[in-house]
Amino acid sequence: MTADPPLVLDIDGTLTRPDGWGIDPRIFDPIREWEAPVVIATGKAFPYPVALCHFTGIPELVVAENGGVVYTGDDVFFTADREAAQAVTEEYRAAGYTLGWGTEDTVNRWRETEIAINLEQPIEPLREIAAKHGLEVIDTGYAYHVKDTTPTKGDGLETIADHVSFDLEAAVAVGDSINDVSSFDAVGRSFAVANADEMAKTAADEVLEATHADGTLAVLEQVRGTA
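Residues numbered from 1 in each chain as written. Predicted model: local features only at pLDDT ≥ 70, side-chain atom pairs only at ≥ 80, totals over all residues. Heavy atoms only, no water.

K.L.:
Hey, could you run me through the UniProt feature "binding site: Mg(2+)" (unreviewed entry) in the protein chain in this one?
P.N.:
According to UniProt, the positions carrying the feature "binding site: Mg(2+)" (unreviewed entry) are Asp 10, Asp 12, Asp 176 and Asp 180. In three dimensions, the annotated residues from a span of 171 residues occupy one location, with a maximal C-alpha spread of 11.0 Å. As for the lining of the largest pocket, the annotated residues named previously contribute Asp 10, Asp 12 and Asp 176. You can see Asp 10 is positioned in the loop between strand E1 (7-9) and helix H1 (28-32). Separated by 2.9 Å, the side chains of Asp 10 and Thr 14 make a polar contact. Along the chain, the position of Asp 12 falls in the loop between E1 and H1. (UniProt positions renumbered as here; feature names shortened; annotations may be inferred. 1 Å grid on protein atoms, 1.4 Å probe; cavity = no way out; pocket = protein on both sides within 12 Å on 5 of 7 lines; lining within 4 Å. Helix = DSSP H or I, 4+ residues; strand = E, 2+ residues; numbered from the N terminus. Polar contact = N/O pair within 3.5 Å; in protein donor to acceptor, adjacent residues only side chain to side chain.)

As structure tokens, this is what we get:
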């Protein structure tokens, strides 16, 4: 008897509408009906993927902040410390720059382990300051993320797989960015949507013809019942 394989899904660039912004509502029913664990692995702040799981109606299995926060449905694991990223933020601001999200900054308000900077802000001084604090800056195509060099989405997936008891080698991952490469490395089969960056495309087992949610929906149709 065939079954659905476990899924690992990025959000931005992967579950989004064709214009790249906002969740494509067509993904909700296929994900809710999936008969295997679905892990949301994202660079977004912890509350966002939890809310996505909640409103989709699936168990809350989450790798957030590029691996900095991992939620198994029972336990939350913090694998990085926000203090260094906050120090980078303060030094970046002192140099005359802003994070680019406005006064209230809901992009970072609930982050636990990293800081995200608007892509319109200069990256070179950000990289220099981050390096002084032993951190890295990754460009996901949606923001610059200042993060610890150690945690990855792939590490978070291993934690969830251990706690939920599913085989990562049987899992399928879909993503679009450099921060999805570790997810691709952790699973048995990986797909990059057509809008993915070159590092994601190189790391994926297959590059899709369709972009964003169209590509992801094509994968779900392709792999359903193949486990």
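K.L.:
Explain the UniProt feature "binding site: substrate" (unreviewed entry) in the protein chain here, please?
P.N.:
Listed under "binding site: substrate" (unreviewed entry) in the UniProt record, and renumbered for this structure, are Lys 153. The residue Lys 153 is located in helix H5 (residues 153-164) in this model. Sequence-distant contacts of Lys 153, that is, excluding residues within four places in its chain, are made with Asp 10, Ala 41, Thr 42, Gly 43, Val 63, Asn 66, Gly 67, Asn 179, Asp 180, Ser 182 and Ser 183. A polar side-chain atom of Lys 153 sits 3.2 Å from a polar atom in the side chain of Asp 10. (Contact = heavy atoms within 4.5 Å.)

K.L.:
Whenever I open this one, the domain arrangement of the protein chain confuses me. Can you help?
P.N.:
Note: interface size is frequently given as the accessible area lost on complex formation between the parts. Here the protein chain is described as being made up of domain 1 (7-78 + 151-223) and domain 2 (83-147). The gap between the C-alpha centroids of domain 1 and domain 2 is 24 Å. Buried area between domain 1 and domain 2, both sides added, is near 1200 Å², and the carbon and sulfur share of it is 56%. It is Tyr 48, Glu 65 and Asn 66 in domain 1 that bury the most area against domain 2; as a group they hold 32% of the surface buried on that side. Scanning the region where domain 1 abuts domain 2 turns up zero salt bridges. Counting across the interface, domain 1 meets domain 2 through 10 residue pairs in polar contact (both at pLDDT 80 or more). In the side of domain 1 that touches domain 2, the residues fall into eight nonpolar, nine polar and four charged. (Domains from an automatic or database assignment. Buried area = accessible area lost by both parts, 1.4 Å probe. Salt bridge = Lys/Arg side-chain N within 4 Å of Asp/Glu carboxyl O. Nonpolar A, V, L, I, M, F, W, Y, C, P; charged D, E, K, R; others polar.)

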